[in-house]
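Spelled out from the first residue to the last, the chains are:
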Amino acid sequence: GAGVSQSPSNKVTEKGKDVELRCDPISGHTALYWYRQRLGQGLEFLIYFQGNSAPDKSGLPSDRFSAERTGESVSTLTIQRTQQEDSAVYLCASSLMSSFEQYFGPGTRLTVT
Amino acid sequence: QKEVEQNSGPLSVPEGAIASLNCTYSDRVSQSFFWYRQYSGKSPELIMSIYSNGDKEDGRFTAQLNKASQYVSLLIRDSQPSDSATYLCAVRGFGNEKLTFGTGTRLTIIP
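The numbers attached to residues start from 1 for each chain and follow its sequence in the written order. Just so you know, chain letters begin at A and ligand numbers begin at 1, following the order they were written in. Totals for whole chains, interfaces and linings use every residue, but because this is a predicted model, local features are given only for residues with pLDDT of at least 70 and side-chain atom pairs only at 80 or more, for both listing and counting. Values shown for side chains rest on all heavy atoms present in the structure; no hydrogens or waters enter the calculation.

Student: Please set out the interface of chain A and chain B residue by residue, giving values where relevant.
Tutor: We call two residues contacting when some pair of their heavy atoms lies within 4.5 Å. Between chain A and chain B, the residue contacts involve 20 residues of the former and 16 residues of the latter. A simple way to read buried area is as the amount of 1.4 Å-probe accessible surface that goes missing from two parts once joined, with both sides added. Of the roughly 1,400 Å² buried at the junction of chain A and chain B (both faces included), carbon and sulfur atoms supply 58%. One side-chain nitrogen of Lys or Arg within 4 Å of one carboxyl oxygen of Asp or Glu is enough to make a salt bridge. Joining chain A to chain B, the criterion identifies one salt bridge. One salt bridge in this structure joins Lys98 of chain B and Asp56 of chain A, with 2.9 Å as the shortest N-O distance. In protein, a polar contact requires one atom able to donate a hydrogen and another able to accept it; more generally it is a pair of N or O atoms within 3.5 Å, and residues adjacent in sequence count only if both atoms are side-chain atoms. Run the count over chain A and chain B and you get nine residue pairs in polar contact (both at pLDDT 80 or more).

Okay, structure coming up:
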């Protein structure tokens, strides 16, 4: 079946602009996660959605970052007033709650100039 | 102390040998353990999951879990150059719905 998809694959934006990143999870996966990975670094947890429960936003680095998810489908991660330090690959993953095995999308490479 | 620790490497192993990757974790009641492979410029790919003490084999890969020692490892038999990647260990704590990832071990298989 189809895996996790993300769009765009690459995004170049000017400092101060807003960007919106999209994630389409595997069908039937109720849990969805966003991570950030800076060049040469590990995965940094940002936010977690599980069904209709309130999201776990504990990893969002500042109030410029927000995310939404419609039911158990698509999620969007929005970064307002982008800064150069926001440059990274943003990864989305989804999982079944029965296994907690997370499957990752290909990521969105964000470059802030 | 980091919650999930891995030796960053690089770990160099000759082609055909066994590569051994190690991971320790701090939460004694962790429930689920995962190994991911990440090629340069790509996203992490799930290789193995293990939930109970002992060994779990899948092809050339064997995951080993020792909860008493808070230790999980991944063995890759008959290493191939295509196994060259960064390997991430991930752990789920008790009652936790999120995974905590280690920073990864970079593995290089030398032809």
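Still more ground to cover, so stick around.
Student: Quick one: what's the story with the sheet that holds strand β1 (residues 5–7) of chain A, residue by residue and with numbers?
Tutor: Residue and element names in this part refer to chain A. DSSP calls a pair of strands paired once it identifies at least 2 bridges connecting them. Numbered from the N terminus, helices here are DSSP runs of H or I no shorter than four residues, and strands are runs of E no shorter than two. The four strands are arranged β1-β3-β7-β6 in an open sheet whose pairing can be described as antiparallel. The sheet is open, and its two edges are formed by β1 and β6 (65–69), each paired on a single side. Across this sheet, the average inter-strand angle for adjacent strands is 15°, counted without regard to direction. Bridge count between β1 and strand β3 (residues 19–24): three bridges; the pairing is antiparallel. Looking at β3, one finds that Gln6 is bridged to Cys23. Between the N-to-C directions of two axes lies an angle of 0 to 180 degrees, each axis being a line fitted to C-alpha atoms and, for a helix, fitted only over the stretch in contact.

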